[in-house]
Amino acid sequence: MASWLGSLWGGSGASSLPYNISTDPLSPSTNKGSHGWAIHTATHKTNGEEATAFQASKAELAKTPLQQQRSQSFASSGGGNLTQLVPALHHFHRIKRLIHPRILRAHATLDTDYPDDSKPSPGLDALDKVASTGNLIIVTEKAIPLDDWLDNLNPHTPQANAAAVSWGIYNIVEGLSFLHTQAKLAHGMISPDAVFVTPGGDFKLGGFDLVTPLGIADGGGGPTPHFRKYEASVCPADYRSPERTSGRYDTLQQSAPLHSIDCYSLAVLIEYIYTHPSAGTNGQVPVPLKKALLRMKNDSPKLRPRLPPLLKCPVFDNPYVKAQKFLDEVVSKPVEEKIIFLQSLPDILNRGVLTENVAIYKILPMLVMGLRASAGNEAAMSQDINRREVLAIVPLLFQIAESYLAKTPELFLKHVTPLVPLLFAVNDRGVRGSILQKISILETQLDKSALNSSVFEPMCSGFTDSSGPLRELTLKSTIVLVPKLNHANLEKLVRYLVRLQADPEASIRTNTVIFIGKVAPHLTETSRQKLILPAFTRSMKDPFTPCRLAALRAVIACKEYFSQKEVAEKVLPCVIPHTLDGANEVRAEAFNVVDTFLVNLREESKRMAKDEAERMSAATCGIGAEGGTGGATSAAPSSGSYLTGISSWMGSSTEPTASTSSASGAQRTTSSTSNGSLTKLPAPQPGPAAPKFSSLTLSDAQVGGSSKYNTADDSGGWSDDDDIVSPQNNSTGGGWDDDDDAFGMSPVNKTKGDGDFFASFDSNKASKVGGGKAGSLKPGMKLKGKAKPTVTKLPASDLLDGWDDF
């Protein structure tokens with residue numbers, strides 16, 4: 001694009017213009033009412049500010065004839081050879097010199113034939129001597145033609161449109177009043193072609209092709225020769241007053257007031273605007289204006305009224321116009337009035353009195369300017385009046401950002417993002433609180449890097465603030481930032497959370513444990529292990545009931561981060577005491593936690609039993625296969641085998657099915673009859689490998705591995721003497737001798753279910769069962785209960801039958 005601009009602007013002159021201008025025009029120079037000017041978008045090279053660029057080729061202007069003459073008097077003067085060049089040059093020179101809020105402001109101008117002062121351009125008195133080979137460029141504030149603005153109005157908001165139109169007419173009247181009373185000039189071309197509208201809804205005067213003083217001694221009297229020569233061809237016929245259409249310029253010179261020609265044209269323009277379908281008045285001029293327009297269109301220039309009194313018309317007395325007027329005058333207003341107005345603006349915006357464009361393009365820049373002037377100055381913030389002004393600005397700033405800028409990220413980036421570090425640097429709790437309440441907006445609009453550096457870092461000071469409400473608000477606000485925090489800031493946050501658990505404010509302690517439950521998924525495994533369980537345990541002991549309740553609920557929310565071993569050893573021991581908590585809701589939640597975890601523990605226990613059974617079955621089948629070759633040995637049982645076997649036995653409500661193992665070379669299984677005698681079971685026959693065990697019994701556990709009956713040849717099986725029951729006791733005690741206590745199976749243990757049984761084990765000492773050494777026998781421990789039945793010792797010959805293989 002740089003090469004294109006260079007050729008357009010005439011080479012070296014382009015560098016003097018601090019704007020980048022788009023290649024494609026928004027409106028070409030051939031459009032009706034363009035007067036040879038093409039409209040382009042432009043942006044400032046330094047700050048990216050948007051602007052509008054009007055461009056015209058002098059060569060094209062010089063060969064484009066003006067419209068057909070509209071008065072016979074001027075047609076006879078031979079004006080048919082006039083072109084667009086001289087009126088365009090007249091406008092080019094005038095717009096640079098006229099500065100007023102209601103006049104289209106020119107930021108920069110360039111005539112590529114005269115790029116610098118080394119070759120001065122001819123003035124207004126010698127426009128016909130200007131070179132016609134280059135281009136004219138005028139960069140103004142961002143604006144669009146009036147007709148385009150009217151066409152873009154929303155037809156479904158007639159009331160808002162009518163208010164916006166009334167404000168626009170108010171602007172035109174103010175602009176013309178400035179020309180007439182201060183500049184002593186008549187515009188001469190008031191029409192839709194000369195009116196432009198900014199994004200903020202302000203109407204601006206342009207089109208200074210015919211600007212002229214009236215009643216001066218110019219040799220011919222009345223308006224300037226330029227006006228007399230070109231006005232009939234440049235100004236649309238409907239907007240020319242009767243004396244102009246008839247060529248009676250002497251009337252304008254001798255007796256017409258300065259405002260007379262513009263007053264007539266303005267009346268026609270007002271009628272044109274209100275009759276537009278989107279003006280919101282059903283194509284009718286408001287009644288209060290009708291009488292005024294009749295006076296403004298009087299045939300006699302002397303009887304046309306001055307324009308400033310028109311501003312008192314009731315049509316301009318509406319909230320929209322009042323709000324816009326205050327926005328324009330806010331800089332000069334007393335600070336107290338300014339604060340009151342700023343505090344009322346949120347309600348005005350919520351009620352739809354001011355439009356979105358007004359909020360973005362007029363209110364927002366005003367707020368940014370005010371913040372930079374006050375919030376960035378520590379001395380200014382020390383004054384209460386400036387502090388109150390900032391406190392009024394911040395909520396309004398974030399309301400506009402949330403309501404309008406969320407859908408235009410580039411505007412948020414331009415206006416709000418640079419203010420974030422400035423706002424957090426303000427050492428005021430009120431300002432900080434206003435920011436924290438809207439922290440979610442920053443989270444959605446700022447990138448991860450900006451959030452970590454510009455938002456989280458400065459807001460951490462709130463965790464240690466002496467104000468409890470600010471600490472709590474800081475904690476609540478941080479939760480939305482957690483997903484975007486980097487690892488270092490997450491670790492920093494964890495340290496603050498640990499500190500807040502000891503906060504003197506009970507509500508902060510409660511919110512902290514809730515926060516920990518929500519932040520857990522974003523922490524690393526190491527951080528979770530260090531933080532969540534100790535934090536929950538600490539909160540369960542809090543004297544504040546909601547804090548304990550929140551801790552129990554957080555435990556359930558984070559259950560996926562606890563292993564089953566941690567649940568059994570650490571979590572449940574902390575939770576169970578709360579089943580007798582003084583608060584009913586805490587007790588209910590504690591039971592809910594216990595029930596939830598017990599279901600998972602039972603599933604885990606079943607899984608462990610199944611896995612152990614499969615391992616035992618696989619090991620047994622392998623030994624049976626080796627036994628066919630005569631070389632079977634039995635591996636020593638592990639403590640896990642004992643636990644699994646006992647668990648299976650205790651969980652069964654019926655007598656286990658007797659099983660035999662090919663790994664036990666000398667085992668004989670017996671059963672007890674109802675009278676206490678023993679019955680010999682059929683001897684097993686040699687055959688295939690032993691089947692898989694459906695459950696483990698005490699005999700399968702191979703208890704007594706350290707007793708005298710275990711020898712090198714008998715690896716863990718029962719010996720013949722093991723089956724002998726003392727004949728002195730003829731009770732029916734179930735066949736258990738005193739050595740049963742080696743398993744920790746006291747009568748109390750036998751009456752409890754699985755869950756209570758396993759609670760007697762300390763999982764941190766997996767090698768111990770029932771508090772003793774695995775597989776060892778404790779002498780002197782007797783089973784209290786019924787007497788043992790009388791049994792008869794089998795002859796040795798019977799013990800050897802069926803086991804010749806071994």
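Cut-offs applied
Residues numbered from 1 in each chain as written. Predicted model: local features only at pLDDT ≥ 70, side-chain atom pairs only at ≥ 80, totals over all residues. Heavy atoms only, no water. Helix = DSSP H or I, 4+ residues; strand = E, 2+ residues; numbered from the N terminus. Buried < 20%, exposed > 50% of the residue type's maximum accessible area, 1.4 Å probe, protein only. Contact = heavy atoms within 4.5 Å. Areas by Shrake-Rupley, 256 points an atom, 1.4 Å probe, with all protein chains shown as cover. Core = buried A, V, L, I, M, F, W, Y, C linked by side-chain atoms within 4.5 Å. Axes fitted to C-alpha atoms, helices over the stretch in contact; angles between N-to-C directions. Parallel < 35°, antiparallel > 145°, perpendicular 65-115°, else oblique. Nonpolar A, V, L, I, M, F, W, Y, C, P; charged D, E, K, R; others polar. Pairing = 2+ DSSP bridges. Expected span 1.5 Å × (residues − 1). Salt bridge = Lys/Arg side-chain N within 4 Å of Asp/Glu carboxyl O. Left-handed = near helix turned anticlockwise from the far one by under 90°. Phe/Tyr/Trp six-rings, centres within 6.5 Å; stacked < 30°, edge-to-face > 60°. Polar contact = N/O pair within 3.5 Å; in protein donor to acceptor, adjacent residues only side chain to side chain. pLDDT = per-residue confidence, 0-100.

Colleague: Outline the overall build of the protein chain, supporting the account with residue identities and numerical values.
Modeller: Across its full length, the protein chain carries 32 helices and 12 strands. Here the protein chain holds 806 residues, and the buried ones make up 47% of them. Once local pairs closer than 6 in sequence are excluded, the contacts in the protein chain between residues at least 24 apart make up 70%. Accessible surface for the protein chain amounts to roughly 39100 Å². Of this, 53% is attributable to carbon and sulfur atoms.

Colleague: Just give me the short version of the nonpolar core, but keep the residues and values in it.
Modeller: Of all hydrophobic cores here, the largest spans 183 residues; its most connected members are Leu354, Ile363, Leu442, Val455, Phe536 and Phe562. In this structure, Ala42, Ala51, Ala53 and Leu110 belong to the second largest nonpolar core, which totals 10 residues.

Colleague: Help me get a handle on the packing of helix α6 (residues 158-181) against helix α10 (residues 260-274), residues and values and all.
Modeller: The interhelical angle for the contact between α6 and α10, taken along N-to-C directions, is 170°, at an axis separation of 11 Å. On the basis of their axis angle, the class for α6 and α10 is roughly antiparallel. Along the contact surface, α6 presents Val165, Ser166, Ile169, Ile172, Val173, Leu176 and His180, while α10 presents Asp262, Leu266, Leu269, Ile270, Ile273 and Tyr274. Among the residues making up the contact of α6 with α10, the classes are represented as 10 nonpolar, 2 polar and 1 charged.

Colleague: Describe the sheet that holds strand β4 (residues 106-111), naming the residues involved and giving the relevant values.
Modeller: The strand order β1-β2-β3-β5-β4 describes an open sheet built from 5 strands, whose pairing is antiparallel. Each of the sheet's edge strands pairs with one partner strand only, and the pair in question is β1 (19-21) and β4. With direction set aside, neighbouring strand axes in the sheet form an average angle of 25°. Relative to strand β3 (residues 50-57), strand β2 (residues 38-44) runs antiparallel, the two sharing 6 bridges. Across the sheet, residue Ala42 finds its bridge partner in β3, namely Ala51. Contacts between helix α4 (residues 85-97) and the sheet are confined to β4 and β5 (135-141), with β5 contributing the most and set at about 40° to the helix.

Colleague: Residues and numbers for the sheet that holds strand β7 (residues 195-197), please.
Modeller: Strand order in the open sheet made by the 3 strands is β6-β7-β8, with antiparallel pairing throughout. Of all the strands in the sheet, just β6 (144-145) and β8 (203-205) have a single pairing partner and so form its edges. As defined by bridge partners, β7 adjoins β8 across 3 bridges and the pair is classed as antiparallel. Paired with Val197 across the bridge in β8 is Phe203. Where α6 meets the sheet, its contacts fall on β7 and β8, and the angle it forms with β8 comes to roughly 30°.

Colleague: Before we move on, could you go through helix α26 (residues 545-557) and cite the residues and values that matter?
Modeller: Helical geometry: 3.6 residues make up each α-helical turn, so side chains three or four residues apart lie on a common side. Given a rise of 1.5 Å per residue, 13 residues ought to cover 18 Å, and the 19 Å separating the end C-alpha atoms of α26 matches this to within 8%. Along α26, the residues classified as buried are Cys547, Arg548, Leu549, Ala550, Ala551, Leu552, Ala554 and Val555.

Colleague: Let's hear about the pattern of salt bridges: which residues, and what values?
Modeller: Scanning the model with the defined rule gives 34 salt bridges in all. The partner of Asp384 in a salt bridge is Arg387, and the shortest N-O contact between them spans 4.0 Å. Of the two residues, Asp384 and Arg387 both sit in helix α16 (residues 384-405), 3 residues apart, roughly one turn of that helix. Residue Asp384 is classed as partly exposed on the basis of its relative accessible area of 46%. Classification of Arg387 by relative accessible area gives partly exposed; the value is 27%.

Colleague: Explain the packing of helix α13 (residues 335-350) against α16 to me, and be specific about the residues and the numbers.
Modeller: As a packed pair, α13 and α16 sit with axes 9 Å apart at the nearest point and diverge in direction by 20°. Here α16 runs roughly parallel to α13, going by the angle between their axes. In this structure, α13 crosses over α16, and the sense of that crossing is left-handed. Counting all contacts with α13, which are made through Val335, Glu336, Lys338, Ile339, Leu342, Gln343, Leu345, Pro346, Leu349 and Asn350, the residues of α16 involved are Ile385, Arg388, Glu389, Ala392, Ile393, Leu396, Gln399, Ile400 and Tyr404. Along the lines of polarity and charge, the residues of the contact of α13 with α16 split into 12 nonpolar, 3 polar and 4 charged.

Colleague: Pulling in residues and values, what's your account of the packing of aromatic side chains?
Modeller: In the structure shown here, the tally under the stated rule is 7 aromatic pairs. Between Trp149 and Phe203, the aromatic rings sit 5.1 Å apart at their centres with planes inclined by 85°, giving edge-to-face as the arrangement. Highlighted residues: Trp149 in helix α5 (residues 146-152) and Phe203 in strand β8, separated in sequence by 54 residues. Assigned by exposure class, Trp149 and Phe203 land together as buried. Judged by centre distance (4.9 Å) and plane angle (25°), the ring pair of Phe463 and Tyr496 falls under stacked. On the criterion of sequence distance, the pair formed by Phe463 in the loop between α21 (448-459) and α22 (468-478) and Tyr496 in helix α23 (residues 487-500) is long-range, its members being 33 residues apart. The two residues Phe463 and Tyr496 agree in class, both being buried. Through successive ring pairs, a cluster of aromatic residues spans Trp167, Tyr170 and Phe316.

Colleague: Can you lay out α21 for me, pointing to particular residues and giving the numbers?
Modeller: The first and last C-alpha atoms of α21 sit 15 Å apart over 12 residues, in line with the 16 Å expected at 1.5 Å per residue. Those residues of α21 that are buried are in contact with α18 (420-424), α19 (429-437), α20 (439-445), α22 and α23.

Colleague: Can you break down the environment of Ser403 residue by residue, with the values?
Modeller: Topologically, Ser403 is positioned in helix α16. We classify Ser403 as partly exposed; its relative accessible area is 40%. Taking C-alpha positions, Ser403 is 8.7 Å from Glu356, a pair spaced 47 residues apart along the chain.

Colleague: Before we move on, could you go through unusual backbone geometry and cite the residues and values that matter?
Modeller: Unlike most non-glycine residues, Lys184 shows phi in positive territory, near 55°. For Lys184, the position within the fold is in the loop between α6 and β7. Classification of Lys184 as exposed rests on a relative accessible area of 52%. Look at Asn282: it is not a glycine, yet its phi comes out positive at around 55°. In this structure, Asn282 sits in the loop between α10 and α11 (287-296).

Colleague: How would you sum up the side chain of His93? Please name residues and give values.
Modeller: One can find His93 in helix α4. Judged by relative accessible area, which is 5%, His93 ranks as buried. Leaving out residues up to four positions away in the same chain, His93 has contacts with Ser121, Pro122, Leu124 and Leu127.

Colleague: If you had to explain the side chain of His40 to someone new, which residues and values would you point to?
Modeller: The residue His40 is located in strand β2 in this model. Take His40: its relative accessible area is 5%, and that puts it in the buried class. Of note is the side chain of His40, whose polar atom sits 3.0 Å from the backbone oxygen of Ser22. The contact partners of His40, leaving out residues within four places of it in the chain, are Ile21, Ser22, Thr23, Asp24, Pro25, Leu26, Ala51, Thr52, Ala53 and Gln55.

Colleague: Pulling in residues and values, what's your account of the confidence of the model for the protein chain?
Modeller: Here the protein chain averages 77 in pLDDT, while 72% of its residues score no lower than 70. Within the model, the stretch residues 1-12 combines pLDDT values under 50 with 23 contacts to residues more than four positions away or in other chains. Residue range residues 68-78 is modelled with pLDDT below 50. Its contacts to residues more than four positions away, or to other chains, number 25 contacts.

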